[in-house]
Amino acid sequence: MTVRDGTAVDVSGDPEHPFTRGGLCVKVDNYLDRVYSPDRVLFPLRRTGPKGSGEFERISWAGALAEIAGKFTGIAAEHGPEAIMPCSYLGTEGVLNGLNVGDPFFAKLGATVSERTYCDSGSCTAYAMTIGDSAGVDPESLVHSRYIIIWACNVMSTNLHLWPFIAEARKRGAKVVVVDPVKTRTSKAADWHLTIRPGTDGALALAMMHVIINEGLTDDDYIARYTIGYDALVERVQQYSPEWAAEETGVPADDIRTLAREYARAQPSVIRIGVAIERHAGGGQTVRALACLPALVGAWRQPGGGILQLPLWAFPVIWDNFIHPEMLKPGTRVVNQYLLGDALTGELALDPPVKALMVYNSNPLVVCPDQDNLARGLAREDLFTVVSEQFITDTARYADIVLPATTQLEQEDIMFSWGHLYASYNHRAVQPLGEAVSNTELFRRLAAAMGYTDPVFLRTDQEMIAEAFDWSAPVMQGITVESLKEKGWQRLNVPPPDQYAPHVEGDFPTPTGKVEFASSLAPGGNFVVPLFRQGSTEHQPGNPVDPLPHYIPPRESVRTNPELAAAYPLSLLSPKSHAYLNSSDANLEFHRKVQKDPSLLIHPEDAEERGITTGARVRVFNNRGEFVVKAKIDKSVLPGVVVSHVGSWRMHADGLSTVSAVTPTVFGDLGNCPTFSDTLVQVERKP
Ligand SMILES: Nc1nc2c(c(=O)[nH]1)N[C@H]1C(S)=C(S)[C@@H](COP(=O)(O)OP(=O)(O)OC[C@H]3O[C@@H](n4cnc5c(=O)[nH]c(N)nc54)[C@H](O)[C@@H]3O)O[C@H]1N2
Ligand SMILES: Nc1nc2c(c(=O)[nH]1)N[C@H]1C(S)=C(S)[C@@H](COP(=O)(O)OP(=O)(O)OC[C@H]3O[C@@H](n4cnc5c(=O)[nH]c(N)nc54)[C@H](O)[C@@H]3O)O[C@H]1N2
Ligand SMILES: [Mo]
């Protein structure tokens, strides 16, 4: 970071950082365009036009806070505090300003608890049920892997910094396999691409187990010492033959056998799972099966062997210091944000209804499913909406009050990582622009306006930073706030990548300490991993789950729902774009130039049948909604599959809506995960 006269003039990566190596992805390479964009919201605003019009006038912070406190107090008195609902997600990922920043405030208020399971919740639940909250494989040890399966992850776009390690492994002789229904930047760079029907990955994983077990490719010693439920698993997988799985997945049985054999024999082998795996009805069970595989073949015995999901579990963040679960009144209503549209339009029949909504760190109108329904909810005249934002997003256009938020450069924070084993310090590089405030300051001000004087609301950023980690944890030895401030980043005190093999002797953080083929948590029910539920660090039990991995087919597919497929025969995937971070940056010129117009990838056969040519405007629709984009005829997708990336905004759409207008508000099997890609649509040429 170079700052001249108080203005940041250059953002660069640190070439010394062993993981990022000074590289910046397209999302942050032009970060200063974001910080200094003329479109930044720099002052509190009050709506002057109709909801959705984006017409606002500048007001003072004092005026904004007084109005919000007045409304919140009035609504709580008239309808009860549960009529107020927060909505937040991952706009920023710092421990201070990220996921949990508003939790104590809303707990004190008694507002509806917002459950936040958009991202990896099903995957994390399944993972925790199987191997516990282990950090898994160190991404840097992938250089030692002999066989790398990238499963539903577009590494080249979404996890670019991992690629050099994969490339290095490949140079040393590793084989790289990608499992994805779509030919991506990542699959093109791999040795072998298995194209699979969307949402059927569980069948492939279970058939791999079938082959590994029945052909004696197992590591029996590892299984005997460090797993439970093996005999039951052997019995369970008999029904999942490669022939059966071939029918289900579209991957030939011989390829399934080859994959299973190569994966088992080439040790250490590793599976990198992406979030897209959980976006279907059976996404949780798919991750269960995948998390069992490394133990079957003894992959955990060596550095570079096992499964890589989210190394975030390695960080001893003390979430309770930010969530403050003790402040939450027991029995407070919980509503999942994934159902925000239904919550606002009354379809959830909530009593009391939601009368006030406060959005921060999120752009629900773009990332939530059933978009048009949500837009109707946000347009309600009797709903008081506050949005804290850097820009007038689609969601902010519906706000009664917009509050200006700082960017990463203007705030202080401390970071764990979703993708590597380094803690980092986020220094404030420049003073906040205009009257923008960090999320921590926002909630200090709101708390003061409400008259809350609990010590938790008086903490400074530095006091919060001191409480962020368990500094006495073994992984934090040698790391202090001061050392992090000085160095910027430090590797956790864990063995170096060439010795990092945490489960050579089991030691899995499960209730039994072993890999649980038969999950001991399953009878207690489907649960949401604490991180994703504001105000509660307890596992929230639900309906009991079958303790053994099993196959749950997609809910919407030609094979499982022929009736629906008669009207809507194409499976729609909405993965991440290359140039935007979810919906962030989709308003910035540079990023839009790279990403180009929102499009629909469609196979030539499907296009021809519909008289669609490249560049033609197409209407994509189902029983939930529709959106219009340009067609891109492309053999990258399987026949029967179409792709439109999530992220672009409604205000830039051709018509009113984006891809989220057709995605469902149906949970997957574990962790209340979303099923964005369990979606059938029809496509037609638009005149
Ligand atoms: N450029 C960029 N990077 C990002 C983000 C971004 O928006 N843009 N977002 C960040 C966030 S929040 C997250 S969670 C991560 C997610 O990053 P990823 O885990 O990579 O998730 P996706 O991009 O949704 O999907 C990855 C791949 O899965 C494939 N896929 C879809 N459905 C299926 C299926 O049923 N089976 C299989 N086998 N594959 C399937 C898609 O075609 C896609 O190529 O990325 C992070 N990084
Ligand atoms: N169809 C479909 N839908 C999806 C997904 C998908 O793959 N397909 N992916 C899902 C996933 S994995 C995720 S993680 C979610 C992402 O959902 P969100 O976290 O809502 O992601 P963004 O769209 O990036 O919105 C973040 C907003 O926060 C704002 N922001 C950034 N920093 C700050 C700050 O410090 N303070 C405040 N107040 N605001 C800030 C940004 O300007 C931006 O508008 O989307 C989910 N939705
Ligand atoms: Mo995500």
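Residues numbered from 1 in each chain as written. Chains lettered and ligands numbered in written order. Predicted model: local features only at pLDDT ≥ 70, side-chain atom pairs only at ≥ 80, totals over all residues. Heavy atoms only, no water.

1. Points about the site of ligand 1
Around ligand 1, a shell composed of 29 residues is seen, among which Lys-27, Asp-180, Asp-201, Tyr-580 and Asn-582 lie nearest. Taking His-280, its side chain carries an N or O atom lying 2.8 Å from an oxygen atom of ligand 1. Here an oxygen atom of ligand 1 and a backbone polar atom of Asn-582 are 2.6 Å apart. Computed on the free molecule, ligand 1 has an accessible area of 930 Å², of which 92% lies beneath the protein chains in the complex. A class-by-class count of the residues in the shell around ligand 1 yields 15 nonpolar, 10 polar and four charged. When residues of the shell around ligand 1 are assigned to domains, at least three fall in each of domain 3 (122–312 + 501–519) and domain 4 (562–685). (Near = heavy atom within 4 Å. Polar contact = N/O pair within 3.5 Å; in protein donor to acceptor, adjacent residues only side chain to side chain. Areas by Shrake-Rupley, 256 points an atom, 1.4 Å probe, with all protein chains shown as cover. Nonpolar A, V, L, I, M, F, W, Y, C, P; charged D, E, K, R; others polar. Domains from an automatic or database assignment.)

2. A closer look at the domain arrangement of the protein chain
You can read the domains of the protein chain as domain 1 (1–36), domain 2 (39–116 + 318–412 + 423–489), domain 3 (122–312 + 501–519) and domain 4 (562–685). Its C-alpha centre places domain 2 at a distance of 37 Å from the equivalent point of domain 3.

3. A look at a positive patch on the surface
Positive charge collects at one region of the surface, where Lys-183, Arg-185, Lys-188, Lys-596, Lys-632 and Lys-635 lie side by side. For Lys-596, the location among the structural elements is in the loop between helix 23 (589–595) and strand 22 (599–602). (Patch = residues over 30% accessible without salt bridge, like charges linked within 9 Å, V, L, I, M, F, W, Y side chains within 5 Å. Salt bridge = Lys/Arg side-chain N within 4 Å of Asp/Glu carboxyl O. Lys, Arg positive; Asp, Glu negative; His and termini not counted. Charge placed at Lys NZ, Arg CZ, Asp CG, Glu CD. Helix = DSSP H or I, 4+ residues; strand = E, 2+ residues; numbered from the N terminus.)

4. Side note on the packing of helix 12 (residues 242–249) against helix 13 (residues 253–265)
One way to put it is that helix 12 packs onto helix 13 with a least axis distance of 8 Å and a crossing angle of 115°. As the angle between them shows, helix 12 and helix 13 are arranged roughly perpendicular. Every pair of crossing elements has a handedness; the one defined by helix 12 and helix 13 is right-handed. Residue-level inspection shows Pro-242, Glu-243, Ala-245, Ala-246 and Thr-249 of helix 12 in contact with helix 13, the latter providing Ala-253, Ile-256 and Arg-257. A breakdown of the residues in the contact of helix 12 with helix 13 according to their chemical character gives five nonpolar, one polar and two charged. (Axes fitted to C-alpha atoms, helices over the stretch in contact; angles between N-to-C directions. Parallel < 35°, antiparallel > 145°, perpendicular 65-115°, else oblique. Left-handed = near helix turned anticlockwise from the far one by under 90°. Contact = heavy atoms within 4.5 Å.)

5. Some points on the packing of aromatic side chains
The full count for this structure, using the stated rule, is 23 aromatic pairs. Judged by centre distance (5.3 Å) and plane angle (10°), the ring pair of Phe-19 and Phe-165 falls under stacked. Here Phe-19, found in the loop between strand 2 (7–10) and helix 1 (26–29), pairs with Phe-165, found in helix 7 (residues 163–171); they are 146 residues apart in sequence, far enough to count as distant. Each member of the pair Phe-19 and Phe-165 is classed as buried. Judged by centre distance (4.9 Å) and plane angle (80°), the rings of Tyr-89 and Tyr-118 are edge-to-face. Placement of Tyr-89 in the loop between strand 5 (84–88) and helix 4 (103–109) and of Tyr-118 in the loop between strand 6 (113–115) and helix 5 (121–131) is noted, with a sequence separation of 29 residues between them. Site record: aromatic cluster; members linked through ring pairs are Phe-105, Phe-106, Tyr-360, Phe-443, Tyr-452 and Phe-457. In this arrangement the basic side chain of Arg-58 is found over the ring face of Phe-43, its NZ or CZ atom lying 3.5 Å from the centre. The lysine or arginine in question, Arg-459, covers the ring of Phe-322, its NZ or CZ lying 5.6 Å from the ring centre. (Phe/Tyr/Trp six-rings, centres within 6.5 Å; stacked < 30°, edge-to-face > 60°. Buried < 20%, exposed > 50% of the residue type's maximum accessible area, 1.4 Å probe, protein only. Lys NZ or Arg CZ within 6 Å of the ring centre and 35° of its normal.)

6. Quick notes on the pairing of strand 15 (residues 384–389)
The element strand 15 is extensively covered by neighbouring structure, given that six of its six residues are classed as buried. Residues Phe-384, Val-386 and Ser-388 of strand 15 are buried on one face, and the alternating residues Thr-385, Val-387 and Glu-389, pointing to the opposite face, are buried as well. In this structure, strand 14 (residues 356–360) lies alongside strand 15, joined through five bridges in parallel fashion. Across the sheet, residue Leu-357 finds its bridge partner in strand 15, namely Thr-385. (Pairing = 2+ DSSP bridges.)

7. Points about the sheet that holds strand 12 (residues 306–308)
What links the strands of a sheet is backbone hydrogen bonding, and the strands pair in either a parallel or an antiparallel sense. What the five strands build is an open sheet, ordered 9-8-7-11-12; its pairing is parallel. What marks the edges here is a single partner per strand, and that holds for strand 9 (192–194) and strand 12. Taken pair by pair, the neighbouring strands of this sheet meet at an average axis angle of 20°, ignoring direction. Bridging between strand 8 (residues 175–179) and strand 9 involves three bridges; their strand directions are parallel.

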